[in-house]
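# Tertiary structure, described
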Amino acid sequence: MMLHSALALCLLLVTVSSNLAIAIKKEKRPPQTLSRGWGDDITWVQTYEEGLFYAHKSKKPLMVIHHLEDCQYCQALKQVFAQNEEIQEMAQNKFIMLNLMHETTDKNLSPDGQYVPRIMFVDPSLTVRADITGRYSNRLYTYEPQDLPLCKYSQTINSGHS
């Protein structure tokens, strides 16, 4: 009888632990889907409209990152963005964040075309900041990995140019 109980208990423990291992494995695998690899610790909004709502409500600017999975320039930018602690901290604390793999209906977000990667900023008064550009005259809102210390862009927005 004692052996039977011990065997049943062992079987129960094996079943529970293997189910737990499966649950832990599943837990680890998928990153936060809205981050798409840009930073799992960042709170990402799902839509442009949601981003506008939270930007207005929180008085924080909205950063919109347009990208595609199969774009090598987007992948390079994403890698630097996701691995830079200063950028991750700034994105989490100073901005409402949105990354999109499709265009929005707001044509103000593509003033010079629908290319990727493209980063646009919308201030808390919901004005698209076409004046905040990168260093390319033919793709004003493109940033390369070495351009990424976006701190100067956040200071531009947060200094009250609304």
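Residues numbered from 1 in each chain as written. Predicted model: local features only at pLDDT ≥ 70, side-chain atom pairs only at ≥ 80, totals over all residues. Heavy atoms only, no water.

### Quick notes on the pattern of salt bridges
Under the criterion given, the structure shown has five salt bridges. When the shortest N-O distance is used, the salt bridge between Asp123 and Arg129 registers 4.0 Å. Classification of Asp123 as buried rests on a relative accessible area of 1%. Of the residues examined, Arg129 reaches a relative accessible area of 4% and is grouped as buried. (Salt bridge = Lys/Arg side-chain N within 4 Å of Asp/Glu carboxyl O. Buried < 20%, exposed > 50% of the residue type's maximum accessible area, 1.4 Å probe, protein only.)

### Here we look at the sheet that holds strand S1 (residues 62-66)
Taken in spatial order, the three strands line up as S2-S1-S3 in an open sheet, and their pairing is mixed. In the strand order of this sheet, the two ends are held by strand S2 (96-100) and strand S3 (118-122), each with one partner. Taken pair by pair, the neighbouring strands of this sheet meet at an average axis angle of 15°, ignoring direction. Pairing between S1 and S3: five bridges, direction antiparallel. Bridge pairing in S3 links Ile65 to Ile119. (Pairing = 2+ DSSP bridges. Helix = DSSP H or I, 4+ residues; strand = E, 2+ residues; numbered from the N terminus. Axes fitted to C-alpha atoms, helices over the stretch in contact; angles between N-to-C directions.)

### Focus on the confidence of the model for the protein
Per-residue confidence for the protein gives a mean pLDDT of 80, with 71% of residues at or over 70. When pLDDT is averaged over each element of the protein, helix H2 (residues 48-58) comes out on top at 97 and helix H1 (residues 2-28) at the bottom at 49. Under a pLDDT of 50 for its full length, residues 10-21 has, in the predicted model, zero contacts with residues more than four places off or in other chains. Per-residue pLDDT stays below 50 along residues 23-32; that stretch engages in four contacts with residues further than four places along the chain or on separate chains. (pLDDT = per-residue confidence, 0-100. Contact = heavy atoms within 4.5 Å.)

### Focus: the packing of aromatic side chains
Scanning the entire structure with this criterion turns up three aromatic pairs. Ring centres 5.4 Å apart and planes at 75° place the aromatic pair Trp38 and Phe81 in the edge-to-face group. With a gap of 43 residues between them, Trp38 in the loop between H1 and H2 and Phe81 in helix H3 (residues 72-83) connect regions that are remote in the sequence. As far as the burial class goes, Trp38 and Phe81 line up, both buried. Just above the ring of Tyr115 sits the side chain of Arg118; from NZ or CZ to the centre is 5.6 Å. In this arrangement the basic side chain of Arg139 is found over the ring face of Tyr136, its NZ or CZ atom lying 5.1 Å from the centre. (Phe/Tyr/Trp six-rings, centres within 6.5 Å; stacked < 30°, edge-to-face > 60°. Lys NZ or Arg CZ within 6 Å of the ring centre and 35° of its normal.)

### Looking at the environment of Val45
Its place among the elements puts Val45 in the loop between H1 and H2. Given the relative accessible area of 8%, Val45 is considered buried. Sequence separation between Val45 and Ser35 is ten residues, and the spatial gap between their C-alpha atoms is 9.1 Å. When residues no more than four places from it in sequence are discounted, the contact partners of Val45 are Leu34, Glu50, Gly51, Tyr54, Ile96, Met97 and Leu98.

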